[in-house]
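As a plain string of letters, each chain reads:
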Amino acid sequence: MDMKEKLQEIRQEAVKRIQNSDGLEQLNEVRVAYLGKKGQLTAVLKGMKDVAPQDRPAVGQLVNDTRAHIEEFLEDTKKRMEQAVRERKLAQEVIDVTLPARKPETGHRHPNTIALEEVERIFIGMGYEVVEGPEVEYDEYNFTKLNIPQDHPAKDEQDTFYINKEIVLRTQTSPVQARVMEKGKLPIRMIAPGRVFRSDEVDATHSPSFHQIEGLVVDKNITFADLKGTLEEFARELFGPETQTKFRPHHFPFTEPSAEVDVSCFKCKGSGCRFCKGSGWIEILGCGMVHPHVLEMCGIDPKEYTGFAFGVGLERIALLKYEIDDMRLLYENDIRFLNQF
Ligand code: DAH
């Protein structure tokens, strides 16, 4: 085969390979194979010594033409490929400004929080202040100043988490009563919501950590009638205007007399159902007239001042109000559960 034919063949082959290249990388392989130092055209140039001297200029010209042709074709193809890549990228990166924005993921208020805000709304409406006390509390405030004697079963390690001999995780919000009374600012009309702790096993109605809302009113001439009227109004506001209230005598060390309060079942209106376990009544809180000895220990003269107090379980209210039958659901914080309230 003479030089001319050979060059013709190289040129055709190169063009075909360029046309069949799939991407810039393959294109570069073609460039190396034909134009590179060890490429086919270079090999032809090296063979020039075998060409008759008079033919050399013509063959040289032909080699250069072939090289130029392949180079040009490579360059054009490369440009077309780059353009295609750019267009594909632009198409992919188009921003449709008319699309609705992605919704930010938000959480949801916890049933405890919703119930607490409702209780706070009711008492703030009656002129109460909302105060807070420490969760890690002195034994003295959690027990002694509330008239709870040394040998009271609540003080057992089975029931109370002790930090040391003098410090406990408060088992009730009642110590806030003592803290507020000690400040000496009278009259007092406050509620104190917060977390409390008891050494209980977890089940559908128990948790080692739960919440209470304490209430305290101290003023001149406060009577049991004030306590009754206040809690009856609270029950009506919380569970609906037809709610009946029942005061059952009870014992708490820091109140005398003491009572537990039941409300008529808001589900069956008192006829008896699964909710009220057939009795028509649901227990919601403990209360009483502040024990004179407690007033005295907190620096208030029981001859001049009287008061009432109450303690409500926040989870109990939330479970009742939202008809949740397992307390554990309140602590899992599953957004699918929380979104329902
Ligand atoms: N501290 C009581 C408890 O945890 C609840 C309670 C009862 C609070 C009567 C009071 C009250 O203020 O007067 O069981």
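Cut-offs applied
- Starting afresh in each chain, residues are numbered from 1 along the sequence in its written order.
- Thresholds applied to this predicted model are a pLDDT of at least 70 for local features of residues and 80 or more for the giving and counting of side-chain atom pairs; totals over whole chains, interfaces and linings are not thresholded and use all residues.
- Side-chain numbers come from the whole structure's heavy atoms, not from hydrogens or water.
- Between the N-to-C directions of two axes lies an angle of 0 to 180 degrees, each axis being a line fitted to C-alpha atoms and, for a helix, fitted only over the stretch in contact.
- Starting at the N terminus, helices and strands are each numbered in turn, a helix being any DSSP run of H or I of at least four residues and a strand any DSSP run of E of at least two.
- Under this scheme an angle from 65 to 115 degrees is roughly perpendicular, one under 35 degrees roughly parallel, and one over 145 degrees roughly antiparallel; angles in between are oblique.
- Residue contacts follow a heavy-atom distance rule, with two residues in contact if any of their heavy atoms lie within 4.5 Å.
- Just so you know the grouping, Ala, Val, Leu, Ile, Met, Phe, Trp, Tyr, Cys and Pro go in nonpolar, Asp, Glu, Lys and Arg go in charged, and all remaining residues, Gly too, go in polar.
- Side-chain rings of Phe, Tyr and Trp (the six-membered ring for Trp) are treated as a pair once their centres are within 6.5 Å; stacked means planes under 30 degrees apart, edge-to-face means over 60, and tilted covers the remaining angles.
- Nearness is defined per residue: one heavy atom within 4 Å of the molecule or strand is enough.
- A 3.5 Å cut-off defines polar contacts: any pair of N or O atoms within that distance qualifies, except that in protein one atom must be a possible hydrogen donor and the other a possible acceptor, and neighbouring residues in sequence count only when both atoms are side-chain atoms.
- Values of accessible area rely on a 1.4 Å probe in the Shrake-Rupley scheme; residue burial ignores everything except the protein chains shown.
- Each domain's extent is set by a domain assignment, obtained either automatically or from a database.
- The span one expects for a helix is its residue count, reduced by one, times 1.5 Å.
- Partly exposed residues are those whose accessible area sits between 20% and 50% of the maximum for their type, while under 20% is buried and over 50% is exposed, using a 1.4 Å probe and protein chains only.
- Directions drawn from the helix axis to the C-beta atoms are what define this arc.
- What counts as a disulfide here is a pair of cysteine sulfur atoms lying within 2.5 Å.
- When DSSP finds two or more bridges between two strands, those strands count as paired.

**Points about the packing of helix H5 (residues 111-125) against helix H10 (residues 314-321)**
Packed helix pairs are specified by the crossing angle of their axes together with the interaxial distance, meaning the distance between the axes.
Then, number 1: Where H5 meets H10, the closest approach of the two axes is 9 Å, and the angle between their N-to-C directions is 100 degrees. With respect to H10, the axis of H5 lies roughly perpendicular. Between H5, through Pro111, Asn112, Ala115, Leu116 and Glu118, and H10, the contact on the second element is made entirely by Leu314, Glu315, Ile317, Ala318 and Lys321.
Then, number 2: Taken together, the residues of the contact of H5 with H10 sort by class into six nonpolar, one polar and three charged.

**A word on the packing of aromatic side chains**
Then, number 1: Tallied over the entire structure, the rule returns ten aromatic pairs.
Then, number 2: Consider the rings of Phe252 and Phe254, whose centres lie 6.0 Å apart with planes at 25 degrees: the pair is stacked.
Then, number 3: Members of the aromatic cluster, joined through ring pairs, are Phe123, Tyr128, Phe234, Phe308 and Phe310.

**What to know about the site of the ligand**
Then, number 1: Around the ligand, 15 residues are found, and the nearest of them are Gln172, Ser174, Arg198, Gln212 and Glu214.
Then, number 2: Arg198 places a polar side-chain atom, nitrogen or oxygen, 2.8 Å from an oxygen atom of the ligand.
Then, number 3: Between Gln212 and the ligand, the recorded distance is 2.9 Å, taken from a side-chain N or O atom to an oxygen atom.
Then, number 4: Protein contact buries 88% of the 350 Å² of open area that the ligand shows by itself.
Then, number 5: Elements represented by at least two residues in the shell around the ligand include exactly strand E5 (209-219), strand E8 (281-290) and strand E9 (306-313).

**Section: the domain arrangement of the protein chain**
Then, number 1: Domain boundaries assigned for the protein chain yield domain 1 (3-92) and domain 2 (111-338).
Then, number 2: Look at where the C-alpha atoms of domain 1 and domain 2 centre, and you get two points 91 Å apart.

**With respect to helix H8 (residues 224-239)**
Then, number 1: The end-to-end C-alpha distance of H8, which contains 16 residues, comes to 22 Å, matching closely the 22 Å that a straight helix rising 1.5 Å per residue would cover.
Then, number 2: Along H8, the residues classified as buried are Leu227, Thr230, Leu231, Phe234, Ala235, Leu238 and Phe239. The buried residues of H8 occupy an angular sector of 135 degrees when projected down its axis, which confines them to one face.
Then, number 3: Its side-chain oxygen 3.1 Å from the backbone nitrogen of Ala225, Thr223 forms the N-cap of H8.
Then, number 4: Trailing H8 by a residue or two, Gly240 shows a phi angle of about 115 degrees, which is positive.

**Points about the packing of helix H2 (residues 24-35) against helix H4 (residues 56-92)**
Then, number 1: One can describe the packing of H2 onto H4 by two numbers: an axis separation of 10 Å at closest approach and a directional angle of 170 degrees. On the basis of their axis angle, the class for H2 and H4 is roughly antiparallel. Contacts between H2 and H4 involve Leu24, Leu27, Arg31 and Leu35 on the former and, on the latter, Arg67, Ile70, Glu71, Leu74, Glu75, Thr77, Lys78, Met81 and Glu82.
Then, number 2: Broken down by class, the residue content of the contact of H2 with H4 amounts to six nonpolar, one polar and six charged.

**What to know about the state of the cysteines**
Then, number 1: All chains considered together, the criterion is met by zero disulfides.
Then, number 2: Cys265 takes part in no disulfide bond, and the closest cysteine sulfur, belonging to Cys268, lies 3.6 Å away.
Then, number 3: For Cys265, a relative accessible area of 1% gives the class buried.
Then, number 4: Here Cys273 stays free of any disulfide, with the sulfur of Cys265 as its closest cysteine sulfur at 3.7 Å.

**Quick word on the sheet that holds strand E4 (residues 188-197)**
Then, number 1: Read from one edge of the open sheet, seven strands run E1-E4-E5-E9-E8-E7-E6, paired in mixed fashion. If you trace the sheet from one side to the other, it starts and ends with strand E1 (129-130) and strand E6 (245-252), each paired once.
Then, number 2: One ladder, built from five bridges, connects E8 with E9; its direction is antiparallel. The residue bridging Leu285 from the neighbouring strand is Val312, located in E9.
Then, number 3: Against the sheet, H8 touches E6, strand E7 (255-264), E8 and E9, its axis set at about 150 degrees to E8.

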